Amino acid sequence: MKLLTRSYFTLAAISVAAFLFTTGFAKPNEQYLKSATYYSDEWIVNFWNTESDHMDAELQQIAEDGFNNIILVIPWREFQKESGSYNQYALDKLDQVMNAAARHGLSVALRMGYTWDYAPGESATTRVTKLVQNEQMRNQWFAYLKKVYDKASTHDNFAGGFTTWEDFWTFTTTAAGYGKTEGSIRIAKLTGYTEYALSHYTLDELKELYRDQGLTETKIYFPSSASPARKVFFEWYDSFLMQLLTESQQYFPDLSFEVRMDGDRIYGTNGSQTYVSHYSTFGAADASYASAMWSPTMFTGGGTLTSDQALNSLKTALKTIHDAGGKKVYLEQMLFTDNTPGFEANAKIRESDKASFIKRSSAILKEYGNGYGLWTYRDYANNKLYNPQFAMGEKGWSFEQGASVGVIEGSHVAILNKGASIYSGLADSNGTQNGTKTTISFTLGSVGASGRVRVILDQGESRSFAASEQKDTISYEVDGHPDSIRFTSESGKIYVDNVKVYNLVTEGEVYHIDGSPASCRDAVRELNAALK
């Protein structure tokens, strides 16, 4: 992507300010939101611990493509620590991004509660489990919502936000594993599941669903995933999420909810299989609009779809939510393409029909919705590193033999004198283990005439690279999935920045990872122009 000069941005800011004076920022149900999820030159999992050196250029590109809004994904754990205190760097970066977005005429919507990040402390699964069971953790959740809302609402371009079923769904797997135990019985009572089950079903009905004639009112437990009583569990969990949303809206006004369109498989008492829907969530409690994601797998029989078939799927999905909840739908994830490993068999739009689908979707999006968004505006790598740009100093790294963090050309870098090293472990979850190859990429330069760095993976695979005053981007591929990376200066005073270790690039077909246009960019621009 071509970088723009500071003088250009000054002129652009004046132009944007004039534009905003006459039109105002887009908000749900006021103007149609055309959104791109923003994560700069990293990915959502580590965006909040990076620098985003080219933020203005990136946001200007989004605005030039016809978007009027960006979505920022706000990881709960990264913003609010296990202790309940807050990550000031993330809060400050929220201000930075919102101010930059305003300079380019973009409003900002927030996805609250994202559970996948590299923040230290308890796991996302543990925190969600505590949220369901523990009043103290729910109060911590409410405090997090209020903290972020109060921060964001000081900006004129704040466009509200939403949360999603996806970020709470780990408990459905956790509960299924509790079994018929005293612990399961205790937690069922503590969470309100027991009360719900007994108030919606007779004991005899529950005995049949549980296939347990010894079941009593005082011994209700969480059913396994193969139990017909799983139907009761999902109904209760939808009810719990809506109650949580209702209470959350007191701390984050008009907080919306991404509903789950697909059903969950359940078994009948005769062994048959069916699916339980989540229609009861489609109203998003007291929110003025519902939120949703869509992919070609919905309401289709699979296979390769024509644009007409994909449009019919989109219309059915949006109409179902709109009619069930009586509210406009913010389609914050319109996933017209997907290269996620393990989902290759899912329905996909025919390559030659994707542009047609995108351009022809405008009428459907307008009829049932108040906005749409792209999850993958720019392709991104599943970087396994926390603090890969040294924005947070030495956090996530071990600095040895005098290595330090400095600033070169306005960007934080790791500086290594001869013999100095930096070291970091690598994530092995959050979608980071894919394929058989891993790519190593980093910026390398020298402070002085020249130098040399050695890169060591797992104390094994090792390569040496020359560094010069003209910084360069080094990129190479190795076999397997390394667990650690070390940089050591072999000679000279060198610096390292923008480290990536990845084995998957998620493709959205709008912009490639290097910022160059991809196959659907022009179709997206036409869609945005049509959505007035």
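The model shown is predicted, which means the values in this text are computed figures rather than measured ones.

K.L.:
What am I meant to see in the overall build of the protein chain here?
P.N.:
Along the backbone of the protein chain there are 15 helices and 24 strands. Against the globule reference of 24 Å for 532 residues, the protein chain gives a C-alpha radius of gyration of 25 Å, in line with a compact fold. By residue count, 55% of the 532 residues in the protein chain fall in the buried class. Contacts in the protein chain between residues at least 24 apart in sequence constitute 78% of all its contacts with a sequence separation of at least 6. Working note: accessible area of the protein chain is about 21,600 Å², and carbon and sulfur atoms make up 49% of it. Between the centroid of the 50 positive side chains of the protein chain and the centroid of its 62 negative side chains there is a distance of 1 Å.

K.L.:
Explain the nonpolar core here, please?
P.N.:
Note on soluble globular proteins: their nonpolar side chains tend to be buried together. Grouped together as the largest cluster of nonpolar side chains are 122 residues, with contacts concentrated most on L72, Y237 and Y372. It is helix α11 (residues 230-248) that provides the largest number of residues to this core, a total of 10 residues. Setting aside anything within four residues of it in sequence, one finds L72 in contact with Y38, F47, W48, L94, V97, V108, A109, L110 and R111. Judged by nonpolar contacts, the second largest core, of 27 residues, contains A403, L416, L426 and F442.

K.L.:
What exactly am I supposed to notice about the sheet that holds strand β23 (residues 494-502) here?
P.N.:
Hydrogen bonds along the backbone pair up the strands of a sheet, which may run parallel or antiparallel. Read from one edge to the other, the open sheet built from 5 strands follows the order β15-β16-β23-β18-β21, with strand pairing classed as antiparallel. In the strand order of this sheet, the two ends are held by β15 (404-408) and β21 (472-479), each with one partner. Adjacent strand axes in the sheet meet at a mean angle of 40°, parallel and antiparallel pairs treated alike. Strand direction decides the pairing type here: strand β18 (residues 437-446) and β21, joined by 8 bridges, are antiparallel.

K.L.:
Even after reading the chapter, I still don't get the sheet that holds strand β17 (residues 421-425), so can you show me in this structure?
P.N.:
The antiparallel open sheet is built from 5 strands, whose spatial order is β14-β17-β22-β19-β20. The outermost strands of the open sheet, each flanked by one partner alone, are β14 (398-400) and β20 (461-468). Direction aside, neighbouring strands of the sheet carry axes that sit 20° apart on average. As defined by bridge partners, strand β19 (residues 450-457) adjoins strand β22 (residues 484-491) across 6 bridges and the pair is classed as antiparallel. Paired with L457 across the two strands is I485, which belongs to β22.

Procedures and definitions
- Residues numbered from 1 in each chain as written.
- Predicted model: local features only at pLDDT ≥ 70, side-chain atom pairs only at ≥ 80, totals over all residues.
- Heavy atoms only, no water.
- Helix = DSSP H or I, 4+ residues; strand = E, 2+ residues; numbered from the N terminus.
- Rg over C-alpha atoms; globule rule 2.2 N^0.38 Å.
- Buried < 20%, exposed > 50% of the residue type's maximum accessible area, 1.4 Å probe, protein only.
- Contact = heavy atoms within 4.5 Å.
- Areas by Shrake-Rupley, 256 points an atom, 1.4 Å probe, with all protein chains shown as cover.
- Lys, Arg positive; Asp, Glu negative; His and termini not counted.
- Charge placed at Lys NZ, Arg CZ, Asp CG, Glu CD.
- Core = buried A, V, L, I, M, F, W, Y, C linked by side-chain atoms within 4.5 Å.
- Pairing = 2+ DSSP bridges.
- Axes fitted to C-alpha atoms, helices over the stretch in contact; angles between N-to-C directions.

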